[in-house]
Amino acid sequence: MISITLQVKNIAKEFNRKKLFENISFDADAGSAIAVTGKNGSGKSTLVKILCGLLEPTRGTWVLTVEDKKIPHEEYYKNIGLVSPYLNLYDEFSGIENLDFIAKIRRLQNPSTIIESVLEDFGLFKHRKKEVKYYSSGMKQRLKYCAALLHKPEILFLDEPQSNLDSEGISVVRTYMKQQRERGILIFATNDEDDLSYADAVIKLNSLNIEK
Ligand SMILES: Nc1ncnc2c1ncn2[C@@H]1O[C@H](COP(=O)(O)OP(=O)(O)O)[C@@H](O)[C@H]1O
Ligand SMILES: [Mg+2]
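Model, not experiment: these values are computed from the prediction. Each residue is numbered by its place in its chain's sequence as written, counting from 1. Going through the entries in the order they are written, you letter the chains from A and number the ligands from 1. Whole-chain, interface and lining totals are the exception, using all residues; otherwise, since this is a predicted model, local features are given only for residues with pLDDT of at least 70 and side-chain atom pairs are given and counted only at 80 or more. As a rule here, side-chain values come from all non-hydrogen atoms in the structure, and water together with hydrogens is ignored.

Enquirer: Before we go on, may I ask you to explain the environment of serine 94 in this structure?
Expert: With respect to the helices and strands, serine 94 occurs in the loop between β6 (80–83) and α3 (95–105). Taking the C-alpha atoms as reference points, serine 94 and serine 163, separated by 69 residues in sequence, lie 21 Å from one another. The numbering of helices and of strands both runs from the N terminus, where a helix is a DSSP run of H or I of at least 4 residues and a strand a run of E of at least 2.

Enquirer: Please explain the layout of surface pockets as it appears in this structure.
Expert: Empty space among the atoms becomes visible once a probe the size of a water molecule is rolled across them. The calculated volume of the largest pocket comes to roughly 530 Å³. Taken together, 24 residues line the largest pocket, and the ones lying closest to its centre are Tyr77, Leu82, Leu87, Ile102 and Arg106. Among the elements of the structure, α2 (76–79), β6, α3 and α5 (137–149) are those that each provide at least two residues to the lining of the largest pocket. In terms of residue count, the dominant contributor to the lining of the largest pocket is α3 (four residues). Asp, Glu, Lys and Arg are counted as charged, while Ala, Val, Leu, Ile, Met, Phe, Trp, Tyr, Cys and Pro are counted as nonpolar; the rest, among them Gly, fall into the polar class. Tallied by class, residues from the lining of the largest pocket come to 14 nonpolar, six polar and four charged. Grid points spaced at 1 Å over the protein atoms alone were grouped into cavities, where a 1.4 Å probe fits but cannot get out, and pockets, open sets with protein on both sides within 12 Å along at least five of seven lines, with lining residues defined by an atom within 4 Å of a point. Grid points are joined across faces, edges and corners, and a volume is the space filled by probe spheres set on the points.

Enquirer: I keep staring at the site of ligand 1 and nothing clicks. Help me out?
Expert: Definition of nearness: a residue and a molecule or strand are near each other if at least one heavy atom of the residue lies within 4 Å of the molecule or strand. The environment of ligand 1 is made up of Phe15, Leu20, Lys39, Asn40, Gly41, Ser42, Gly43, Lys44, Ser45 and Thr46. Here a polar contact means two N or O atoms within 3.5 Å. Within protein one must be a hydrogen donor candidate and the other an acceptor candidate, and residues neighboring in sequence count only if both atoms are side-chain atoms. Separating an oxygen atom of ligand 1 from a backbone N or O atom of glycine 41 is a distance of 2.8 Å. One of the side-chain nitrogen or oxygen atoms of serine 45 is found 2.9 Å away from an oxygen atom of ligand 1. Here ligand 1 has 570 Å² of accessible area as a free molecule, and 57% of this is covered by the chains. Of the residues forming the shell around ligand 1, the biggest block, three residues, is contributed by helix α1 (residues 44–52). In terms of residue class, the shell around ligand 1 is made up of two nonpolar, six polar and two charged. Here, Shrake-Rupley sampling with a 1.4 Å probe gives the accessible areas, and only protein chains in the shown set may cover a residue.

Enquirer: Hey, could you run me through the packing of aromatic side chains in this one?
Expert: How two aromatic rings sit relative to each other is given by the distance of their centres and the angle of their planes. Stacked, edge-to-face and tilted labels apply to pairs of Phe, Tyr and Trp rings (six-membered ring for Trp) whose centres lie within 6.5 Å, assigned for plane angles under 30 degrees, over 60, and everything in between, in that order. Using the criterion set out here, one finds five aromatic pairs in the structure. Their ring planes at 85° and their centres at 6.0 Å tell us that phenylalanine 93 and phenylalanine 101 sit as a pair that is edge-to-face. Relative accessible area decides the class of each residue, using a 1.4 Å probe on protein chains only: under 20% of the type maximum gives buried, over 50% gives exposed, and in between gives partly exposed. Owing to a relative accessible area of 32%, phenylalanine 101 belongs among the partly exposed residues under this scheme. Where phenylalanine 122 meets tyrosine 176, the ring centres are 5.2 Å apart and the plane angle is 25°; that geometry is what we call stacked. With phenylalanine 122 in the loop between α4 (112–121) and α5 and tyrosine 176 in helix α6 (residues 167–183), this residue pair connects regions lying 54 residues apart in the sequence.

Structure (structure tokens):
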């Protein structure tokens, strides 16, 4: 297993001078799974976006180290995969065109084997040539997983892992969650009790929303 650590210290986020959360601190290393829970609007997605490098926190630091090398925030995308409701696919492209495009952006060498294997795992191989605008919401969610896994990320972030998935889709996701935890770090935001059993640590956000 390669060495990966994510050290999160005293992260706080405010929107319009309203405190959403503060003092979020944890350390994760390869082999660990961290869950973020809290009611709707408590800031789960906001915390995930911050840790992915998509949003700046109001305070706090977070440092990702891979094989003793500190990764600059602007290069996080190389090491992370994200599956979330606010991530969009290209509707006019087919499933496989979406994945080919992402593989190209990520400069993956010989991506066809991994593309075929994730499409197969997520039951999309037979739909690969269909334009995404004709996909059901569950199929789109499955394709987001394929897209997030192509480069075998060291950290996988899942915001609402099960959204729109049927039991078959959930079971594939569970397999990948376990696998991710075996070879890297898994961080997921959820309110599902079953999901929580996959976590070593749970961060509970309790909607401070305190006016300063
Ligand atoms: N860019 C933003 N500007 C202002 N408020 C925001 C912004 N993004 C999120 N919020 C607010 O922050 C709160 C937390 O949102 P979110 O992180 O999506 O919560 P959760 O994922 O737990 O449901 C909500 O009240 C939301 O309206
Ligand atoms: Mg959310």
